[in-house]
Structure formats: C-alpha cells, structure tokens
Amino acid sequence: QEQEEGDGLILCCFQTRTGVKFVITAKPGTRGLKKTLREIYVLYADCTLKDPFYELEMPIRCELFTQAIDDLMERIDPGGVSGRNGGGNDGIVKLR
Amino acid sequence: MSKSNITAAGHTLWGKMPKANTELFALTYGSLVTELIKDYDNDIDEINKQLDRIGYSIGVRCIDELLSKCEVNGVDIGPCNSFQNTAEVVAKIGFRCFLGMTCDVTNVTENSFSLFLYENPLSIFVELPESGGGGLNDDDGGVDDFGAAAGGSGGIKRLEWSKLKYSNIYCGVIRGALEQVNMKVSCNFARDVLRGDDVNEIKVELKEMLAEGAGEEYQDE
C-alpha cells in the first residue's frame with residue numbers, strides 16, 4: 001500500500017497477497033483512496049473473477065466490472081468524473 | 001493470528017456472504033460429476049484429474065474473493081507466519097465462509113497437514129455404487145453394447161467406483177488458492193466417507209515456496 005503525490009496528481013497503489021496490483025490516480029486532496037482501492041479489490045473478485053469468460057492476467061473487459069467501478073466513482077465523487085479518461089479520479093490499471 | 005481470532009473471522013465472513021440453497025448446490029455438483037462420468041467414458045482416474053483441474057480454476061479465484069472480503073470487513077488475517085497458520089486459515093476461514101463447513105486441522109508438520117471435514121455438503125445425497133459391473137445402466141437394463149465398446153477386449157469393463165474421489169474438487173481448490181500465494185502444494189483425499197471411512201480427510205503437502213511472480217519487465221535493473 002503506497003501513495004505518492006506530485007505534479008498535480010496523487011498516485012496510490014495497493015498490492016494484494018496474490019500479487020495483483022491496483023493503481024489509482026486522483027486529484028490532489030482526494031481522501032479515502034486506500035478504502036477505495038479495497039472496494040475495487042472486492043469488485044474485482046465479484047465481477048471479473050466470477051466472469052466465466054475472463055482469463056487471468058488478461059485486460060479486463062467485463063461490462064459488470066466497468067459499470068460497478070463507474071457506480072463506485074459516482075458515489076465517491078458525484079459528478080466529478082467527466083469521462084473515463086479524464087476528470088478527477090482517473091483510470092484504474094491492474095498489473096500482476 | 002491466534003486460533004480464536006481465526007475462528008471468529010470465519011464466522012464473521014460467513015455472515016456476510018450471500019447464501020445459496022444447499023440442496024441445489026449438492027444436486028448441481030452431482031450432475032456435474034455424472035456428466036464427467038459420461039464424458040470420460042467411466043475412466044475414473046481421468047475424472048478425478050478433471051475434478052482437480054476444475055477445483056484449481058475455482059481456487060485461484062476464490063482466494064482473491066476471500067482476501068478482498070477480509071480487507072473490506074476489517075478482518076485482519078495478516079501474512080501467515082507458518083504452514084500451520086495457513087492450514088488454520090484454510091480450514092477455519094476458507095471452508096467456513098464459502099461452505100459453512102467446520103473443519104479441523106490435524107497431523108501438522110512443517111510441510112504438511114491434514115484437514116478433517118465432518119459434514120460434506122457436496123455428498124449429502126450421494127452413495128457410490130458397488131465396484132464391478134458395467135457402466136451406467138440404460139433404461140432397458142442391458143449394458144452389453146456399451147460394455148463391449150468400453151471393454152475393447154469384448155468384456156464389460158469392471159468399474160472401481162471406490163477409486164472415484166467424489167469431492168476431489170476440494171483438493172483442486174486448495175491447490176489453486178495456495179498457488180496464488182506462492183505455495184505449491186499437493187493435495188489428495190486420504191479418507192472418504194463415501195468409501196466407508198469414518199471421516200473425510202484431505203492431506204496437503206507443501207512442495208515448494210514459489211518466488212514472487214513478477215514478470216521480467218517489472219523487475220528492477
């Protein structure tokens with residue numbers, strides 16, 4: 001669990017014990033990123049892993065997952081996300 | 001983490017998990033095994049392998065679900081400091097939160113442990129047939145054509161139903177889950193209530209600890 005800040009951006013990373021890393025970028029001053037990453041981990045387990053068409057290590061293309069993430073972002077920062085690739089809380093990347 | 005904390009964690013998580021109907025679960029699994037028997041033409045060893053493989057795919061996913069639910073529900077299990085600790089987590093949290101089963105850990109050594117499963121939800125309606133005899137019985141009662149095809153040499157294939165590890169999927173699940181946390185283990189069903197033993201026993205042996213699996217491009221220069 002690490003957080004770096006600089007250049008108008010916060011970068012927060014969470015590594016699970018299975019080796020999966022979740023990285024989130026956000027506007028400076030955003031709080032609760034650690035909790036958000038944990039919730040994303042739950043969404044990953046519930047949506048992506050249970051999708052029978054998802055293969056491990058591959059890019060995530062699960063409709064349920066993206067919808068759930070959008071809902072989560074909306075709850076955290078209502079109206080703040082102006083687009084998937086822009087806005088306050090930015091993209092989420094999963095690495096192994 | 002102490003034993004009582006682990007047990008309490010198992011109870012907490014079990015409370016938070018969505019529940020499914022036990023009978024439906026048992027019957028669905030039973031249909032899966034029956035289909036495997038048909039697909040693999042009564043090759044018991046192959047069926048056991050397939051159940052293990054299916055369990056493996058489930059296990060690699062289950063562990064992330066377990067760990068993520070722990071994080072979010074404030075259950076802190078911490079990294080395991082011994083193989084016994086791992087065994088306790090598998091038995092008291094893993095089996096408890098996904099299946100509601102009570103399991104005991106016994107015969108712990110540095111590299112192995114046994115899990116005793118007292119009630120097995122998968123096999124609540126199951127009896128294994130007597131060994132020997134032909135394959136699946138057809139409605140008309142005759143098995144000759146089937147037997148000839150299976151036997152090859154013209155005789156009816158003798159089926160050793162006692163070799164079928166009905167709940168072998170558990171072994172796969174444990175193996176898959178532990179591999180995701182860098183422990184390579186081998187699991188097998190040592191004793192099975194369906195075969196006449198008094199308890200279900202799964203023996204787990206640690207083969208090796210794997211190195212952290214970061215890809216080459218992520219390693220420091």
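An account of the accompanying structure is given in this report.

Here's the deal with helix α4 (residues 83–99) of chain B
Residues and elements named next belong to chain B.
Phase 1: The terminal C-alpha atoms of α4 lie 22 Å apart, and with 17 residues this matches the ideal 24 Å at 1.5 Å per residue to within 8%.
Phase 2: Burial within α4 is extensive, with 14 of its 17 residues counted as buried.
Phase 3: Gly100 sits one or two residues past α4 and shows a positive phi near 70 degrees.

So, the pattern of salt bridges
Where side chains of opposite charge bring their charged atoms close, a pairing between them can arise.
All names here are of chain B.
Phase 1: Using the criterion set out here, one finds 13 salt bridges over all chains in the structure.
Phase 2: With a closest N to O distance of 3.6 Å, Glu35 and Lys38 form a salt bridge. Placement of both Glu35 and Lys38 in helix α2 (residues 22–39) is noted, with a separation of three residues, approximately one turn of the helix.
Phase 3: Judged by its relative accessible area of 48%, Lys38 falls in the partly exposed class.

Comments concerning unusual backbone geometry
All names here are of chain A.
Phase 1: Even without being glycine, Asp7 reaches a positive phi, approximately 60 degrees.
Phase 2: Summarising the element assignment, Asp7 is placed in the loop between β1 (2–6) and β2 (9–15).
Phase 3: Despite not being glycine, Glu57 shows a phi value in the positive range, around 75 degrees.
Phase 4: Within the secondary structure, Glu57 sits in the loop between α1 (33–48) and α2 (63–76).

Cut-off values and rules
Residues numbered from 1 in each chain as written. Chains lettered and ligands numbered in written order. Predicted model: local features only at pLDDT ≥ 70, side-chain atom pairs only at ≥ 80, totals over all residues. Heavy atoms only, no water. Helix = DSSP H or I, 4+ residues; strand = E, 2+ residues; numbered from the N terminus. Expected span 1.5 Å × (residues − 1). Buried < 20%, exposed > 50% of the residue type's maximum accessible area, 1.4 Å probe, protein only. Salt bridge = Lys/Arg side-chain N within 4 Å of Asp/Glu carboxyl O.

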